Amino acid sequence: MKIKWQSFLAAAGMAIAVSSGAAKANSFPSHTITMVVPWPPGGPSDMGARPLAAHMQKVLGRPVIIENQSGASGNIGSNMVAKARPDGHTLLFTSSGPIVINPYVNAAMPYDAQKDFTPISSLLQVPLVLVVNPTVPAHNLQELLTYIKGQNGNFHWASAGNGTTQHLAGELFRINGKLDMIHVPYRGTAPAIADLLRGRVTMMFDSTIAIVPHIRAGKVRPIAITSPERSKLLPNVPTFAEAGLPDVKISAWYGLFAPANTSTNVINKLNWTILDFMQTKEYKRIQDETGSGSVHDTPEDFAAFIKQEAIKWQNLTKTTGTKIN
């Protein structure tokens, strides 16, 4: 009986590769996992990252620490992960900006968002709310449009940074409302909200994750929400479609990524850990408190979703003319 050695060797090689991958997954993690959040502490990303990190630490049996590395609209922290060793011990928990917006508004990206990361799973997908400081004499969208137009180009609005979802939402609002406004970018949501509460800026878009507590406290006034339907968190706040600007519809999402070329077995183990977290009461509480919608729970679904999002945001940045030099 003749043996086809090429087939035998190929099969043996495949078996070794599978065995090696399984061994890596079984030995993972071998030390502390660092979850990089490319925004300042206290921002909306922390709302998902910190509970997830605590659950991962419990399930995986190794410390999982959060490292906030802000700056450059999320590019600094994201680039750290893009350049990290692809062994699953350095992960990126981020909102959509660094992945599907920054590549189309930043002329000098330090990483390739489509090639340098492996999607693991999205965690939260939330609408944005347009809010104003209570000193603004507007209680609905039409009053706000009239007020801004009356400021003759001297109306200042804030965002979490150039190229962020909040920024693009504001630009979409500006174009659809035919407004002349001055954009004031911050290094994250937390400092932007702090100045909004102080009245140093008077308007911003932000996710329900970050802004609902301030709405409930009466510190900011909601005008409209970007989701197709009203949020259960804010049942009295109209959608933009209801308020008269139907093309202002946008959402922010938050997800976990590993460096490119991370073992599929490690990615699957991390994904399983996230799916386990999604079954907990803590995750359901976060969903309820943030108004989060459906998520893409497999690496393949998340990757396909990201490709669709990239096309959408590329088109939007062209329409708004948003660029970062």
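Residues numbered from 1 in each chain as written. Predicted model: local features only at pLDDT ≥ 70, side-chain atom pairs only at ≥ 80, totals over all residues. Heavy atoms only, no water.

The helix and strand inventory of the protein chain stands at twelve helices and nine strands. For 325 residues, the compact-globule estimate of 2.2 N^0.38 gives 20 Å, and the protein chain sits close to it at 22 Å. Taking the principal axes of its C-alpha atoms as reference, the protein chain extends roughly 90 × 40 × 30 Å. Looking at the protein chain residue by residue over its 325 residues, the buried ones come to 53%. Across the protein chain, the fraction of contacts at a sequence separation of at least 24, relative to all contacts at a separation of at least 6, is 78%. (Helix = DSSP H or I, 4+ residues; strand = E, 2+ residues; numbered from the N terminus. Rg over C-alpha atoms; globule rule 2.2 N^0.38 Å. Buried < 20%, exposed > 50% of the residue type's maximum accessible area, 1.4 Å probe, protein only. Contact = heavy atoms within 4.5 Å.)

It is worth spelling out unusual backbone geometry at this point. Among all residues except glycine, the phi angle is most often negative; among peptide bonds, the trans geometry is most common. The linkage connecting phenylalanine 28 with the following residue, proline 29, adopts the cis geometry, with an omega of -5°. Tracing the backbone through its elements, the reader meets proline 29 in the loop between helix 1 (5-27) and strand 1 (33-37). Of note, serine 73 is a non-glycine position whose phi angle comes to about 55°, a positive value. If you trace the backbone, serine 73 turns up in the loop between strand 2 (64-68) and helix 3 (75-82).

Turning next to empty space enclosed by the protein. Inspection of the entire model under this criterion finds one cavity of 30 Å³ or more. Roughly 140 Å³ of internal volume is contained in the largest cavity. Looking at the lining of the largest cavity, the elements with two or more residues in it are helix 2 (44-60), helix 6 (165-177) and strand 9 (251-259). By residue class, the composition of the lining of the largest cavity is six nonpolar, ten polar and no charged. (1 Å grid on protein atoms, 1.4 Å probe; cavity = no way out; pocket = protein on both sides within 12 Å on 5 of 7 lines; lining within 4 Å. Points joined across faces, edges and corners; volume = space filled by probe spheres on them. Nonpolar A, V, L, I, M, F, W, Y, C, P; charged D, E, K, R; others polar.)

In this description, an aromatic ring pair is defined by two values, namely the gap between the centres and the angle between the planes. Applying the stated rule across the entire model yields eleven aromatic pairs. Centroid distance phenylalanine 173 to phenylalanine 205: 5.8 Å. Interplanar angle 65°. Geometry classified as edge-to-face. Of this pair, phenylalanine 173 sits in helix 6 while phenylalanine 205 sits in strand 7 (residues 203-207), and the two are 32 residues apart along the sequence. Taking the centre distance of 6.4 Å and the plane angle of 40° together, the rings of tryptophan 253 and phenylalanine 257 count as tilted. Judged by its relative accessible area of 1%, phenylalanine 257 is buried. Each member of the aromatic cluster is reached from another via a ring pair, and the members are Tyr111, Phe117, Trp253, Phe257, Phe302 and Phe305. (Phe/Tyr/Trp six-rings, centres within 6.5 Å; stacked < 30°, edge-to-face > 60°.)

Right, let's get into the pairing of strand 4 (residues 117-132). Extensive coverage of strand 4 is indicated by the burial of 16 of its 16 residues. Bridge count for strand 4 against strand 9 is nine bridges, and the pairing is antiparallel. The residue of strand 9 that forms the bridge with serine 121 is leucine 256. In this structure, strand 4 lies alongside strand 7, joined through five bridges in antiparallel fashion. What sits directly across from leucine 128, in strand 7, is serine 207. (Pairing = 2+ DSSP bridges.)

To continue, consider the confidence of the model for the protein chain. Averaged over every residue, the pLDDT of the protein chain is 89; the share at 70 or more is 92%. Confidence over residues 1-21 falls short of pLDDT 50; this stretch has three contacts with residues more than four positions distant or in other chains. (pLDDT = per-residue confidence, 0-100.)

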